[in-house]
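Coordinate inspection notes
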Amino acid sequence: MDTTEFMLRFQLQPGSDGEDPLKSVMANHPKLRDAAVLIALQEIDGQLQLLLTERTAHMPTHAGQIAFPGGKMDADDASPWHTALRESWEEIGLPPEQVLRVGELPVFHTISRFRVFPQVGLITEPFRPVLSEREVARLFHAPLTDFLDARGRWRLPVRRPNGIQGVYFMPHHVWGATAAMIEQLVRHLGYAESPFGP
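Residues numbered from 1 in each chain as written. Predicted model: local features only at pLDDT ≥ 70, side-chain atom pairs only at ≥ 80, totals over all residues. Heavy atoms only, no water.

1. Quick look at the overall build of the chain
Stated formally: Helical segments are the DSSP runs of H or I of at least four residues, strand segments are the runs of E of at least two, and each set is numbered from the N terminus. Exposed residues in this analysis have more than 50% of their type's maximum accessible area, buried residues have under 20%, and partly exposed residues fall in between, with area computed by a 1.4 Å probe over protein chains only. Two residues qualify as a contact provided that any one of their heavy atoms is within 4.5 Å of a heavy atom in the partner residue. For the accessible areas, the method is Shrake-Rupley and the probe is 1.4 Å, while residue cover comes only from the protein chains on display. Residues scored as positive are Lys and Arg, those scored as negative are Asp and Glu, and His as well as the terminal groups of each chain are ignored. Note that the charge is assigned to NZ on lysines, CZ on arginines, CG on aspartates and CD on glutamates.
Secondary structure assignment for the chain yields 4 helices and 11 strands. Looking at the chain as a whole, 48% of its 198 residues are labelled buried. Considering only contacts within the chain whose residues lie at least 6 apart along the sequence, 68% involve residues at least 24 apart. Accessible area of the chain: about 9900 Å², with a carbon and sulfur share of 54%. Of the side chains in the chain, 19 bear a positive and 24 a negative charge, and the two mean positions are spaced by 9 Å.

The following block contains the structure:
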């Protein structure tokens, strides 16, 4: 999928409220914190690539997991978009002026007590990554097409206090909250939802 097709699909789809299974449990949690992530895509050789990071093993939350650049919203952040750009600059050295805002996906609550605002953007030109040694073990590109076929994605039912929920697993060792946000993205683009079971 190239940039033109992506933009058409993203803008033409009506969107939805998305899946947010932990909302009923977490929405009024006294320790809930707002955060934003950048779902950044970059066209390389005619194909869109998702920009993903592997978090370092000593991070306090989601250590060692595959994630989008992002983090907690600061009091002086003007918007979730500003947070996502600031965090991407701090974590991987992505210059804010090289990211074109496309839109956002529905808010998503995580088990680690974050209310995440997923921001979608296109990287407009190549950049030289500078990784935060504290937060990022590696940065890599994953073809968006790897996530579009529902046969390559799945969800496993997990029992939680508010009922049975699906935990998503995807190519490139992506699972959990990051996979759930990718699921929302590919559904927004018009592709089928992940089935239950591998």
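Read on for the rest.
2. Considering empty space enclosed by the protein
The test is simple: The method works on a 1 Å grid over the protein atoms by themselves. A cavity is a set of points holding a 1.4 Å probe that cannot get out, a pocket is an open set with protein on both sides within 12 Å along at least five of seven lines, and residues with an atom within 4 Å of a point line them. Grid points are joined across faces, edges and corners, and a volume is the space filled by probe spheres set on the points. Under the grouping applied here, Gly and all other residues not named as nonpolar or charged are polar, the nonpolar ones being Ala, Val, Leu, Ile, Met, Phe, Trp, Tyr, Cys and Pro and the charged ones Asp, Glu, Lys and Arg.
All chains considered together, the criterion is met by 1 cavity of 30 Å³ or more. Of the volumes computed, that of the largest cavity is approximately 40 Å³. Around the largest cavity sit Gly18, Glu19, Leu105, Pro106, Val107, Phe108, Pro118, Met181 and Gln184, which together line it. Here the lining of the largest cavity is composed, by residue class, of 6 nonpolar, 2 polar and 1 charged.

3. Side note on the side chain of glutamine 98
For glutamine 98, the position within the fold is in the loop between α3 (80-92) and β5 (99-104). Glutamine 98 has contacts with Leu122, Ile123, Thr124, Glu125, Pro126 and Phe127, leaving out every residue within four places of it along the chain.

4. Notes on the sheet that holds strand β9 (residues 154-160)
Inclusion rule: Any two strands with at least two DSSP-identified bridges between them are counted as paired. Interaxial angle, 0 to 180 degrees, is taken between N-to-C directions of lines fitted to C-alpha atoms, where a helix line uses only the stretch in contact.
Taken in spatial order, the 3 strands line up as β9-β10-β11 in an open sheet, and their pairing is antiparallel. Each edge of the open sheet carries a strand with a single partner, namely β9 and β11 (174-175). As paired elements, strand β10 (residues 163-170) and β11 share 2 bridges and run antiparallel to each other. Each residue of the ladder has a partner; that of phenylalanine 169, found in β11, is tryptophan 175. Packed on one face of the sheet, helix α4 (residues 176-188) meets β9, β10 and β11 and runs near 80° to β10.

5. Focus: the confidence of the model for the chain
Low-pLDDT stretches of the model should not have their predicted coordinates read in fine detail. Put simply, the rule reads: For every residue, the predictor states its confidence as a pLDDT score lying anywhere from 0 to 100.
Per-residue confidence for the chain averages 91 on the pLDDT scale, and 96% of its residues sit at or above 70. Ranking the elements of the chain by mean pLDDT puts helix α2 (residues 23-26) last with 78 and α3 first with 98.

6. Describing the packing of aromatic side chains
Just so we agree on the cut-off: We call Phe, Tyr and Trp rings a pair once their centres come within 6.5 Å, taking the six-membered ring for Trp, and we label the pair stacked below 30 degrees between planes, edge-to-face above 60, and tilted otherwise. To sit over a ring, a charge needs its Lys NZ or Arg CZ within 6 Å of the ring centre and within 35 degrees of the ring normal.
Following the criterion strictly, the structure yields 3 aromatic pairs and no others. Between phenylalanine 169 and tryptophan 175, the aromatic rings sit 6.0 Å apart at their centres with planes inclined by 10°, giving stacked as the arrangement. The exposure class of phenylalanine 169 is partly exposed, given its relative accessible area of 25%. Feature note: the residues Trp154, Phe169 and Trp175 constitute an aromatic cluster, connected by ring pairs. Arginine 138 extends its terminal NZ or CZ atom over the ring of phenylalanine 140, reaching a point 4.4 Å from the ring centre.

7. Re the pairing of β10
In terms of strand pairing, β9 meets β10 through 7 bridges, oriented antiparallel. Looking across to β10, one finds that valine 158 is bridged to glutamine 165. What sits between the antiparallel neighbours β10 and β11 is a turn of 3 residues, in which histidine 172 has the positive phi angle 65°.

8. Section: unusual backbone geometry
Located in the positive-phi region is histidine 172, a residue other than glycine, with phi close to 65°. Here histidine 173, not a glycine, exhibits a phi torsion of approximately 60°, which is positive. Note on placement: histidine 173 falls in the loop between β10 and β11. Of the residues examined, histidine 173 reaches a relative accessible area of 68% and is grouped as exposed.

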